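Descriptive analysis of the structure
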Amino acid sequence: SWTMVNIAEEQIEAIRAQVGDKRAICGLSGGVDSAVAAALVQRAIGDQLTCVFVDHGLLRKGEPEQVEKDFVAATGVNLHVVDAQERFLDALAGVVDPEEKRKIIGREFIRVFEAAAREIAFGDRSEARIAEGGSSRGSGGSSPRGRQGEDAAEPVEFLVQGTLYPDVVESGGGTGAANIKSHHNVGGLPDDLQFRLVEPLRALFKDEVRALGEQLGLPAEIVWRQPFPGPGLGIRIIGEVTRERLDILRDADAIAREELTRAGLDREVWQFPVVLLADVRSVGVQGDGRTYGHPVVLRPVTSEDAMTADWARLPYDVLQKISTRITNEVREINRVVVDVTSKPPGTIEWE
Ligand code: XMP
């Protein structure tokens, strides 16, 4: 639309004026806000921007690929990918408590992100900042799937954030790193992060961000993606998070999403968590045999802003299709239940 063309052009000018010839980084979560913010900044300053994607292994099926391939294809952005799956799994081993999971995931995310920022700026992983014109930027082997900005000796001054207008209002309208809402990233970035912020979406609501994303040519799968929590599938496994459990949940979740899309209900449903009750087993029967598998919970909700929510009245035939497919296709799952709790008293997520 005209409005979106204007907003895009206005913001691109403003970003150029703010950033000048300096460098910027942007963390990509796979969500729409960070993607649109990054795409906009990329239009403004091109290769001065490097995006960082921390693959913590808690994403849904196809999401890392979406960021790595589709987003890069649509924008041509420099992308620095960190495969941190092992690190997150190790840190989460044995942890059951939801808040503890969140803290660990947030902490690990910040460490990995900061290390990536240093690596982009200075070309190595050391704490020590290499003096300008100093030693080389290292082997380059540390980022096998990423491309580096051209001048790695230049420090990164700016951090791009996908902060929206409701975030600004909710957090009191202040400025500065302390203002970054924790739900915006995984656990939030620390106050002492040494960056100046670029927040090109500060005046926009979610629907406007989506329109802008379309205007910028981002794929529909990114633009129309439902909200997804920073801690990802880590808080949708009730019990310890393990690689095997993540794989089970990813399979079940992919089926639920596929059927929702097939039914044309993506935009009616605010979010559709699928939750694995990993420490629960129940008896079932399949073919000739008795099974003793795990249940998954379907948690489709409608909402305006996630502050309150209602359980979505999905058509019975859609529920039935999801149930049949999950129990047929995911060996470890023998029971599918639907959560019919509104928020309050339930939250959208189970943890
Ligand atoms: P609840 O479960 O509190 O969730 O009803 C409200 C909305 O926030 C999302 N959510 C999170 N997002 N980090 C995030 O980035 C988190 O720790 C987190 N916890 C919940 C949730 O998916 C829903 O959209």
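Residues numbered from 1 in each chain as written. Predicted model: local features only at pLDDT ≥ 70, side-chain atom pairs only at ≥ 80, totals over all residues.

**Brief notes about the pairing of strand 1 (residues 23-28)**
With six of six residues buried, strand 1 is to be regarded as a mostly interior element. Side-chain alternation along strand 1 places Arg 23, Ile 25 and Gly 27 on one buried face and Ala 24, Cys 26 and Leu 28 on a second face that is also buried. In this structure, strand 1 lies alongside strand 4 (residues 156-160), joined through four bridges in parallel fashion. Paired with Cys 26 across the bridge in strand 4 is Val 160. (Buried ≥ 20, exposed ≤ 12 C-beta atoms within 10 Å, placed from the backbone. Helix = DSSP H or I, 4+ residues; strand = E, 2+ residues; numbered from the N terminus. Pairing = 2+ DSSP bridges.)

**So, the packing of helix 2 (residues 32-45) against helix 7 (residues 206-215)**
Running from N to C, helix 2 and helix 7 cross one another at 45 degrees; their axes reach a closest spacing of 10 Å. It follows from the interaxial angle that helix 2 and helix 7 lie oblique. Considering the relative orientation of helix 2 and helix 7, their crossing is left-handed. Here Val 32, Asp 33, Ala 35, Val 36 and Ala 39 of helix 2 lie close against helix 7, whose contacting residues are Val 209, Arg 210, Leu 212 and Gly 213. A per-class count over the contact of helix 2 with helix 7 returns six nonpolar, one polar and two charged. (Axes fitted to C-alpha atoms, helices over the stretch in contact; angles between N-to-C directions. Parallel < 35°, antiparallel > 145°, perpendicular 65-115°, else oblique. Left-handed = near helix turned anticlockwise from the far one by under 90°. Contact = placed C-beta atoms within 7 Å. Nonpolar A, V, L, I, M, F, W, Y, C, P; charged D, E, K, R; others polar.)

**Structural notes on the domain arrangement of the chain**
Domain assignment breaks the chain into domain 1 (2-223) and domain 2 (236-338). Facing ten residues of domain 1, the contacting portion of domain 2 comprises eight residues. When the residues that make up the side of domain 1 that touches domain 2 are grouped by side-chain class, the tally is five nonpolar, two polar and three charged. (Domains from an automatic or database assignment.)

**Examining the pairing of strand 7 (residues 274-277)**
Where strand 6 (residues 237-238) lies against strand 7, two bridges are found, and the strand directions are parallel. For Ile 238, the partnering residue across the bridge sits in strand 7 and is Leu 277. Across three bridges, the pairing between strand 7 and strand 9 (residues 289-298) is antiparallel. Looking at the pairing, Val 274 lines up with Leu 298 of strand 9.

**Some thoughts on the nonpolar core**
Judged by nonpolar contacts, the single largest core of 79 residues is most densely connected at Ala 24, Cys 26, Val 36, Ala 38, Val 41 and Ala 252. The two domains that each donate at least three residues to this core are domain 1 (2-223) and domain 2 (236-338). Once you skip the residues sitting within four places of it in the chain, Val 41 turns out to touch Ile 15, Ala 24, Cys 26, Leu 49, Val 160, Val 198 and Pro 200. With five residues, the next largest nonpolar core counts Ala 309, Ala 312, Leu 314 and Ile 348 among its residues. (Core = buried A, V, L, I, M, F, W, Y, C linked by C-beta atoms within 7 Å.)

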